[in-house]
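So you can see what is in the structure, the chains are spelled out below.
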Amino acid sequence: MKILVTEDEPMTLEALGELLRMEGFDVVEASGGEMALKLWEEVHPDLVCLDIMMPGMDGYEVCRRLREKDSRTPILFLSAKNEEKDIVAGLELGADDFIRKPFSTGEVMARIKSVIRRAYPEKGSRKIQMADVVVWPDELRAEQNGLGIELTLREVKMLLLLEEKKGLPVSRDEFLDRCWGMDYFPDSRTLDQHVHMLRKKIEGGSELIETVRGVGYRFRG
Amino acid sequence: MGKIYFGLVLTLLVSIVVLLAGGVLAKRSVTRVTSVDRELLKDLSAKVASVVSERKSERVKALEEIAYEAAKPMADEIEAKISALPGVRGAFLFQEGRPGREWVLLGRVGSRSPAEVVVQGVKAPLIAERAIVVPEGLFKEVTFGESGRIDNEERSFYGWWFSPLQGVVVLYLLESGLEEAALMSEVGLQIRDDFERAAIAGATVEAFYNGKRLAGEGLPERMATAETGDGRYAVRAWDRRTEEQEFDWTTMFGAIGLAVVIAGVGLGLFYSQQRMWRASEQRVSFVNRVSHELGTPLTNMTLNLELASRSLRSQPEMAGRRLEKVSEEISRLGRLVTNVLTHSRKPGDGIQDRLVVCDPDAVILGVLDQFRSALERRAIEIEWTPGETGEQRINSDALSQIVWNLISNVEKYASSGEWLSVSVSQGDGSLRVRVCDRGEGIPSERRAKVFKPFERVSDSTKEGVSGTGLGLSISRELAESMGGSLSLLDAPEMTIFELIIPLQTT
């Protein structure tokens, strides 16, 4: 899932990009409106995050031009402009959601996932049963004993890899290659951190995701 | 805004109404009265009286002459003579009390038939009220030269008698209406010229005889009346009245003045309301900009704190870098808050109290260091030239706030130039700090305005770069409160802000 993030403030762009990568998304960063349009042509992202106030071409203009070419790809405004008229203007131009700055990271992730679910409902039908956990990978969520679990894209990738191996252990390297990508270099502690988070989310997670000493992890279904 | 325009239109309408009303009130209809000349009136009255009595005496004289003729035995042409006198319908001769010859004019067809003349006790009249009844024995006692009058009951005819000879009486049968009409016509003709002259002199006059008009017309205001022996005449006079339209310029000027005052008050209110409206809009816009400005560092802090917490265990050095960024943003936030607070207070209040001994290079370098990573992220090359002035007694807080605002402007608005130069020098007892960039520059028409509060080189949201519009305004006020100046210098392909602060002699 590729996300194009457009933001003129370098620190925000870098930090938001990093956060989305941590959540498992592929992120393309644009520091201005013109660059965003150029990158959109090249990478055809699945979702576009747009700031409004940018030098040169502003976010509204980028949104208008994108909507002329493509009416489907979800567009999400992230802006410190927080008056009602700004929000209305953004939504009228065809944006799918508007998040006001300053935002909480949890809110941004939840809104991005919600927009993706609405934009790509056909991907939502896939369902995988893992022990008593039902996973909807494309909706980034799972259910266990009637309770909903919000998952990050990374966590979904990890669960899918464990499911693919049908109870066999998955090595640490394979986890890092398959779930983080070749270009990304997290260390082992990052993987442990993510497994720890996943185990916390699932009831009886420590038993279901079993540590295989010297190798990695496996799923005991 | 609509209400403000409504007020203006209303006051302008009121002033137009006042002008129109003034025009109507200023137009006046004036009646000019030319009073009747009382002397003239008296003269006319006397003239009428004399004409009437003259005519009457002429008539009496004529009747007496005819009576002398009629008394002669061979009298002839009596009929012709009496018919020449208007109103005479017959003549009757009485001798020694007995009726003798008589001459009766029957008149034309359609005219009134003459009244019957009878002697009382001799003959009964056919129509009693119409007949002239001569009292029995009247003429027996009459002496020569006497005359008298006998009226009938209905007063349509009367008899006038005269004795031309002893024992002879001639009685004339006279028709009152005809006689009066003839008299009036004659008098009227005679007095007409006098009345016309009076009218030319300004009086409208009218003369009446027995209630009938002799000359003139209209309703009288002054009247002179008099009685003659057998009638009443009156001369009435009117003041001449003329209606004139006048334009009262005093009223008109008053109305114009009032209209101008109302319109002036309306315009004054309009401009003051407009100013207030603009000021309140600027305030609202300022609050929006400040809240926008707060949004960016807060977002960066939230994101970096989240990333720091996620990598705290696995990558503590990464978490450390994130926390440094949070600290950087806290500093940015602090400066923003300082700017807003400085704007809210009066900049420069008690500024002299905050003088400290410090090295200006160190103060400026400290600010530059705060921006270093932000400038690097925007690929802005930094050129730093210290002044090496040594320690000075200056207001380091104000200096750092001014330099912070100038560098922040370069970061926000001039990053396209990818170059920033900060230089310090000392000369003429002053500290000189120059902040230069090669960004898009400030258009000449906006140069004069950049130091005004809320003024930004581009105010359009489409331009997309945020800012409170306070930095330069506050910086200049701070510089001036220290006895110095902050100015924008003319330079080709470069924007140069120069800060000059006089140094204290220690």
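Residues numbered from 1 in each chain as written. Chains lettered and ligands numbered in written order. Predicted model: local features only at pLDDT ≥ 70, side-chain atom pairs only at ≥ 80, totals over all residues.

**Considerations on the overall build of chain A**
Then, in step 1: A tally of helices and strands in chain A yields nine helices and 12 strands.
Then, in step 2: Out of the 221 residues belonging to chain A, those deemed buried represent 41%.
Then, in step 3: Intrachain contacts of chain A at a sequence separation of at least 6 include 51% that bridge at least 24 residues. (Helix = DSSP H or I, 4+ residues; strand = E, 2+ residues; numbered from the N terminus. Buried ≥ 20, exposed ≤ 12 C-beta atoms within 10 Å, placed from the backbone. Contact = placed C-beta atoms within 7 Å.)

**Let's talk about the pairing of strand 18 (residues 430-437) of chain B**
Residue and element names in this part refer to chain B.
Then, in step 1: The sheet contact formed by strand 17 (residues 419-427) and strand 18 spans eight bridges and is antiparallel. In the sheet register, Ser423 faces strand 18, and the bridge partner there is Arg434.
Then, in step 2: Hairpin remark: strand 17 followed by strand 18, antiparallel, with two residues in the connecting loop; positive phi at Asp428, about 55°. (Pairing = 2+ DSSP bridges.)

**Points about the interface of chain A and chain B**
Then, in step 1: Contacts between the two partners involve 26 residues from chain A and, on the opposite side, 25 residues from chain B.
Then, in step 2: In terms of residue count, helix 1 (residues 10-22) of chain A provides more of the side of chain A that touches chain B than any other element does, eight residues in total.

**Comments concerning the packing of helix 1 of chain A against helix 5 (residues 249-311) of chain B**
For any two helices packed against each other, the geometry is given by the interaxial angle and the distance between the axes.
Then, in step 1: Here helix 1 of chain A crosses helix 5 of chain B at 35°, and the two axes come no closer than 9 Å. As for the relative orientation of helix 1 of chain A and helix 5 of chain B, their crossing is left-handed in sense. Contacts between helix 1 of chain A and helix 5 of chain B pair Met11, Thr12, Ala15, Leu16, Glu18, Leu19 and Met22 of chain A from the former with Thr296, Thr299, Asn300, Leu303, Asn304, Glu306, Leu307 and Arg310 of chain B from the latter.
Then, in step 2: Counted by class, the contact of helix 1 of chain A with helix 5 of chain B contains seven nonpolar, five polar and three charged residues. (Axes fitted to C-alpha atoms, helices over the stretch in contact; angles between N-to-C directions. Left-handed = near helix turned anticlockwise from the far one by under 90°. Nonpolar A, V, L, I, M, F, W, Y, C, P; charged D, E, K, R; others polar.)

**Comments concerning the packing of helix 6 (residues 153-164) of chain A against helix 7 (residues 172-180) of chain A**
Residues and elements named next belong to chain A.
Then, in step 1: Viewed as axis vectors pointing N to C, helix 6 and helix 7 meet at an angle of 130°, and their least axial separation amounts to 9 Å. One way to sum up the angle between helix 6 and helix 7 is to call them oblique. Relative to helix 7, helix 6 is oriented so that their crossing is right-handed. Two secondary-structure elements touch here, helix 6 through Arg154, Lys157, Met158 and Leu161 and helix 7 through Phe175, Arg178 and Cys179. (Parallel < 35°, antiparallel > 145°, perpendicular 65-115°, else oblique.)

**A closer look at helix 1 (residues 2-26) of chain B**
Residue and element names in this part refer to chain B.
Then, in step 1: Its 25 residues give helix 1 an end-to-end C-alpha distance of 36 Å, which sits within 8% of 36 Å, the value for a rise of 1.5 Å per residue.
Then, in step 2: Listing the buried residues of helix 1 in full gives Ser15, Val18 and Gly22.
Then, in step 3: Here the buried face of helix 1 lies against helix 5. (Expected span 1.5 Å × (residues − 1).)

**Structural notes on unusual backbone geometry**
Then, in step 1: The peptide bond linking Lys101 of chain A to Pro102 of chain A adopts the cis configuration, its omega dihedral lying at 0°.
Then, in step 2: With respect to the secondary-structure elements, Pro102 of chain A resides in the loop between strand 5 (97-100) and helix 5 (105-119).
Then, in step 3: With phi around 55°, Ala131 of chain A is a residue other than glycine that occupies positive phi space.
Then, in step 4: For Ala131 of chain A, the location among the structural elements is in the loop between strand 6 (128-130) and strand 7 (133-136).
Then, in step 5: Given 13 C-beta atoms within 10 Å, Ala131 of chain A falls into the partly exposed group.
Then, in step 6: Of note in the backbone geometry, Asp428 of chain B takes a positive phi value of approximately 55° without being a glycine.
Then, in step 7: Locating Asp428 of chain B in the fold gives a position in the loop between strand 17 and strand 18.

**Focus on the sheet that holds strand 8 (residues 168-175) of chain B**
Residue and element names in this part refer to chain B.
Then, in step 1: Spatially, five strands are ordered 3-2-8-7-6 in an open sheet, and the strand pairing comes out antiparallel. Taken across any chain shown, the strands that pair with only one partner, and hence form the sheet edges, are strand 3 (98-104) and strand 6 (147-151). The mean angle between the axes of side-by-side strands here comes to 20°, regardless of whether they run parallel or antiparallel.
Then, in step 2: Across seven bridges, the pairing between strand 2 (residues 88-95) and strand 8 is antiparallel. In the strand pairing of strand 8, Ala91 is matched with Tyr172.

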